[in-house]
Amino acid sequence: MLLTDSTSIITRENIQILVIDNKLASAEISLFGGHILSFIPKHDNRQRLWVSQNAVLNGKKAIRGGIPICWPWFGDHKDNQFSAHGYVRDQQWQIISSAETPLGTQVVLQPTSSSGAGFDGDTQLSLSIMVGKDLNIKLSTKNVGETSLRYNCALHTYFAIHDIHNCELTGLEGNYLDKTQNFDSFETPVPYKIGQETDRVHLHKAPNILIKDKDINTQVQSSGHDSIIVWNPWQDKSISMGDMADDSYLTMICVETAITQGQNVAAGETHVLEQVIS
Ligand SMILES: O=P(O)(O)OC[C@H]1O[C@@H](O)[C@H](O)[C@@H](O)[C@@H]1O
């Protein structure tokens, strides 16, 4: 097994979890879904990620919380006959490598298969995670086929907050498409607070977003994206979702680094979507 001194594997219900604990931070990465569940940098010992207390860990259903990998489509499939958010968040991933570096522990994971019904690209998908002072996540899509391909994806991060009512986002501007209102376009509010069900596609390559949680700031840096999604299901939807507690919408917000408009990747090329959490 490709483990270093800072890494070990545990099992929680039906899921194997890679645990990383180094000088700079600790983290947990589920091998089901290549799904990061926890990131706690040691300089402030603050958990950055939110996982539902009702998350299902049966190794079949995608885990509610953490950082689901949505790929090779985002949201509903264009033909509506395949599961939302693609097919890699509910399959087993493998550890390809792990290494200790001056910046932290780096691990690379790959899904068992990056081919699946609903997508005809021929790809090699890999997730490189650096667990250090910051959490750096790079999702690389290499086109190993002979023709160009087009894909969408998201690092669908659920951030832990104390109270959604005291939360404010900065760094987004321009218009967004509102999924709760037929994708109508609205101007990004200033200040950006959340007081209702929120499901927005910001067509803005925001490089740097701050989640202000009273006087605590979480920084989200993104690259390789064309959109940022802001999602909070609010109360009614939380109640209707089996894997969320009724009031859990109060302590989470999703800020997702995403490609929603289609990214072309020429034969032999690689596209990288990156999110850095501080
Ligand atoms: O329940 P899922 O498939 O994990 O999706 C959660 C949410 O994910 C968000 O990215 C979408 O914009 C929402 O529309 C969706 O409800």
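Treat the numbers as computed from the prediction; the structure is a model and nothing was measured.

### Considering the packing of aromatic side chains
Phase 1 of the analysis: Applying the stated criterion across every chain, the model contains 9 aromatic pairs.
Phase 2 of the analysis: Between tryptophan 50 and tyrosine 158 the ring centres are 5.8 Å apart and the planes differ by 20 degrees, which places this aromatic pair in the stacked class. Of this pair, tryptophan 50 sits in the loop between strand 4 (35-41) and strand 5 (69-70) while tyrosine 158 sits in strand 11 (residues 158-160), placing them 108 residues apart in sequence.
Phase 3 of the analysis: Taking the relative accessible area as the measure of exposure, tyrosine 158 reaches 1% and is therefore buried.
Phase 4 of the analysis: Geometrically, the ring pair formed by tryptophan 73 and tyrosine 87 is edge-to-face, given 5.6 Å between the ring centres and 75 degrees between the ring planes. Separated by 14 residues along the polypeptide, tryptophan 73 in the loop between strand 5 and strand 6 (93-101) and tyrosine 87 in the loop between strand 5 and strand 6 bring together distant segments of the chain.
Phase 5 of the analysis: Note on tyrosine 87: relative accessible area 13%, which makes it buried.

### Re the state of the cysteines
Disulfide: a covalent bond formed between the sulfur atoms of two cysteine residues.
Phase 1 of the analysis: Summed over the entire model, instances satisfying the criterion amount to 0 disulfides.
Phase 2 of the analysis: The thiol of cysteine 167 is unpaired, and the distance to the nearest cysteine sulfur, on cysteine 254, comes to 12 Å.
Phase 3 of the analysis: You can call cysteine 167 buried: its relative accessible area is 1%.

### Topic: the pattern of salt bridges
Phase 1 of the analysis: Summed over the entire model, instances satisfying the criterion amount to 7 salt bridges.
Phase 2 of the analysis: Close ionic contact of arginine 64 with aspartate 243 constitutes a salt bridge, the shortest N to O distance being 3.1 Å. One end of the pair, arginine 64, is in the loop between strand 4 and strand 5; the other, aspartate 243, is in the loop between helix 1 (234-240) and strand 20 (252-265), with 179 residues separating them in the sequence.
Phase 3 of the analysis: When its relative accessible area of 17% is taken as the criterion, arginine 64 is described as buried.
Phase 4 of the analysis: A cluster of three or more residues bridged by salt bridges with shared partners is formed by Lys61, Arg64 and Asp243.

### Some remarks on the site of the ligand
Phase 1 of the analysis: As a matter of local geometry, the ligand sits amid Arg64, Phe74, His85, Arg89, His156, Lys179, Asp199, Ile229, Trp231 and Glu256.
Phase 2 of the analysis: For the ligand, an oxygen atom lies 3.1 Å from a polar atom in the side chain of histidine 85.
Phase 3 of the analysis: Lysine 179 is positioned such that a nitrogen or oxygen atom in its side chain is 2.7 Å from an oxygen atom of the ligand.
Phase 4 of the analysis: Within the complex, the protein chains bury 84% of what would otherwise be the 400 Å² of accessible surface of the ligand.
Phase 5 of the analysis: The residue inventory of the shell around the ligand, partitioned by class, reads 3 nonpolar, 2 polar and 5 charged.

### Things to note about the pairing of strand 1 (residues 7-12)
Phase 1 of the analysis: Across 6 bridges, the pairing between strand 1 and strand 2 (residues 15-21) is antiparallel. The residue of strand 2 that forms the bridge with threonine 11 is glutamine 16.
Phase 2 of the analysis: The turn joining strand 1 and strand 2, which pair antiparallel and follow one another in sequence, is formed by 2 residues; a positive phi near 50 degrees is taken by glutamate 13.

### Concerning the confidence of the model for the chain
Low pLDDT means the predicted coordinates in that region are not meant to be read closely.
Phase 1 of the analysis: Mean pLDDT for the chain: 97, with 100% of residues reaching 70 or above.
Phase 2 of the analysis: In the model output, the complex is listed with pTM 0.98 alongside ipTM 0.98.

### Quick notes on the nonpolar core
Note that soluble globular proteins tend to have their nonpolar side chains buried in a common cluster.
Phase 1 of the analysis: In this structure, Trp71, Ile129, Leu135, Leu139, Ile211 and Ile253 are the most contacted members of the largest nonpolar core, which totals 53 residues.
Phase 2 of the analysis: If we ignore the near neighbours within four places in the chain, the residues touching isoleucine 129 are Ile29, Ile36, Thr105, Gln106, Val107, Leu109, Leu135 and Asn136.
Phase 3 of the analysis: Membership of the second largest hydrophobic core comes to 8 residues, among which are Ile15, Leu37, Ala55 and Leu57.

### Looking at unusual backbone geometry
Phase 1 of the analysis: Backbone torsion omega between tryptophan 71 and proline 72 reads 0 degrees, so that peptide bond is classified as cis.
Phase 2 of the analysis: Looking at the secondary structure, you find proline 72 in the loop between strand 5 and strand 6.
Phase 3 of the analysis: Following valine 190, the chain continues into proline 191 via a peptide bond in cis, with omega recorded as -5 degrees.
Phase 4 of the analysis: By secondary structure assignment, the location of proline 191 is in the loop between strand 14 (184-187) and strand 15 (192-193).
Phase 5 of the analysis: Phi angles above zero are rare outside glycine, and asparagine 45 is one such case at about 50 degrees.
Phase 6 of the analysis: Position of asparagine 45 among the secondary structure elements: in the loop between strand 4 and strand 5.
Phase 7 of the analysis: Given a relative accessible area of 58%, asparagine 45 falls into the exposed group.
Phase 8 of the analysis: For phenylalanine 183, which is not glycine, the phi dihedral falls at a positive 60 degrees.

Cut-offs and rules
- Residues numbered from 1 in each chain as written.
- Predicted model: local features only at pLDDT ≥ 70, side-chain atom pairs only at ≥ 80, totals over all residues.
- Heavy atoms only, no water.
- Phe/Tyr/Trp six-rings, centres within 6.5 Å; stacked < 30°, edge-to-face > 60°.
- Helix = DSSP H or I, 4+ residues; strand = E, 2+ residues; numbered from the N terminus.
- Buried < 20%, exposed > 50% of the residue type's maximum accessible area, 1.4 Å probe, protein only.
- Disulfide = S-S within 2.5 Å.
- Salt bridge = Lys/Arg side-chain N within 4 Å of Asp/Glu carboxyl O.
- Near = heavy atom within 4 Å.
- Polar contact = N/O pair within 3.5 Å; in protein donor to acceptor, adjacent residues only side chain to side chain.
- Areas by Shrake-Rupley, 256 points an atom, 1.4 Å probe, with all protein chains shown as cover.
- Nonpolar A, V, L, I, M, F, W, Y, C, P; charged D, E, K, R; others polar.
- Pairing = 2+ DSSP bridges.
- pLDDT = per-residue confidence, 0-100.
- Core = buried A, V, L, I, M, F, W, Y, C linked by side-chain atoms within 4.5 Å.
- Contact = heavy atoms within 4.5 Å.

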